[in-house]
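One letter stands for each residue in the lines below.
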Amino acid sequence: MDRVLIGRLTVRGALRVPEITAYFWAIKALSTAMGESTSDYLVHAMDPKVAVVLGFIGFVAALALQFRMRRYNAWTYWLAVVGVGVFGTMAADVLHVGFGVPYIVSTVIYAIALVAVFAGWHRTEGTLSIHSVDTPRREMFYWAAVVATFAMGTALGDLTATTFGLGYFASGLLFAAVIAVPAIGYFRFGWNPVLSFWLAYVATRPLGASLADWMGKPQSVGGLGWGDGPVAIGLTIAIFCLVAFLAITRRDVQGAQRAHADNHRRERTRRFAPAPDTVD
């Protein structure tokens, strides 16, 4: 029944994710940082259990809204990413703070979960390319992978920053270098684009989380001391501005879908335009 409901809310063949551009990576990095700072602020501003419940409700609501869109929409897509970012951070922190699971163990657990999602996705659909996310089932696999990458990346960032003692800023630099590897491999050596994308995608989570902690945490623990709340607000404003720009310009709409939408809009304009005056 759920499959039937989701199928009615989406359009088969309509791409559900954005084109991969510099805007995508910028907002992705900002959203990971925003998820980290927002999660840290909420669990200290209120009862952690209440914060986790609120994070889960926001996560479910954002995904439900995304699935209601019949094709890619910048506002709902990035809202879902932000929802995943906040709840994914909480999910990773719960294992360590709530149950005392070491970061290295939680990192391995979430890595196994991610591999399982990828294996199921590829076995079912025959591809992991986000350019093929055009059915409800493929989109569910996509978001499952996104959740796993956020949770694993959070644990991995905390592992390098705290357990390995690199600190927040050095940890951020480490993952910036890690992201450069698939980028260089793809552009310089022709690496597989799907592999390169997901390697970079996974690494953006610990990069954003490390930089958010560096900005928000007290100077006594290696941060700048700006506070998690102000950092979260600043990042939210930056994300809003970039998403608004993309929603207006549609520069991140994948080619075929953008052409179809443009043709549809022109057809509607021509259909409802007033008839030209005639001269007797």
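Residues numbered from 1 in each chain as written. Predicted model: local features only at pLDDT ≥ 70, side-chain atom pairs only at ≥ 80, totals over all residues. Heavy atoms only, no water.

A. Just the packing of aromatic side chains, in detail. Taken as a whole and assessed by the stated rule, the structure comprises 24 aromatic pairs. Geometrically, the ring pair formed by phenylalanine 56 and phenylalanine 59 is tilted, given 6.3 Å between the ring centres and 45° between the ring planes. A residue pair is termed a helical-turn pair when its members lie 3 or 4 positions apart in one helix, as phenylalanine 56 and phenylalanine 59 do in helix α3 (residues 48-68) at 3 residues. For phenylalanine 56, a relative accessible area of 42% corresponds to the partly exposed category. A relative accessible area of 11% places phenylalanine 59 in the buried class. Measuring from ring centre to ring centre gives 5.1 Å for phenylalanine 118 and tryptophan 198, while their planes differ by 65°; the resulting arrangement is edge-to-face. With phenylalanine 118 in helix α5 (residues 103-125) and tryptophan 198 in helix α8 (residues 193-216), this residue pair connects regions lying 80 residues apart in the sequence. With relative accessibility at 16%, the residue phenylalanine 118 sits in the buried group. We classify tryptophan 198 as buried; its relative accessible area is 5%. The ring of tyrosine 201 is capped by lysine 28, whose NZ or CZ atom sits 4.2 Å from the centre of that ring. Above the ring of phenylalanine 189, the side-chain terminus of arginine 188 is found at 5.3 Å from the ring centroid. (Phe/Tyr/Trp six-rings, centres within 6.5 Å; stacked < 30°, edge-to-face > 60°. Helix = DSSP H or I, 4+ residues; strand = E, 2+ residues; numbered from the N terminus. Buried < 20%, exposed > 50% of the residue type's maximum accessible area, 1.4 Å probe, protein only. Lys NZ or Arg CZ within 6 Å of the ring centre and 35° of its normal.)

B. Region of the structure containing α5. The terminal C-alpha atoms of α5, which comprises 23 residues, lie 32 Å apart, in line with the 33 Å expected from a rise of 1.5 Å per residue. When α5 is considered as a whole, its buried residues turn out to be Tyr103, Ser106, Thr107, Tyr110, Leu114, Val117, Phe118, Trp121 and Glu125. Where α5 is buried, its residues contact α4 (74-98), α6 (136-163) and α8. Following α5 by one or two positions, glycine 126 adopts a phi angle in the positive range, close to 80°. (Expected span 1.5 Å × (residues − 1). Contact = heavy atoms within 4.5 Å.)

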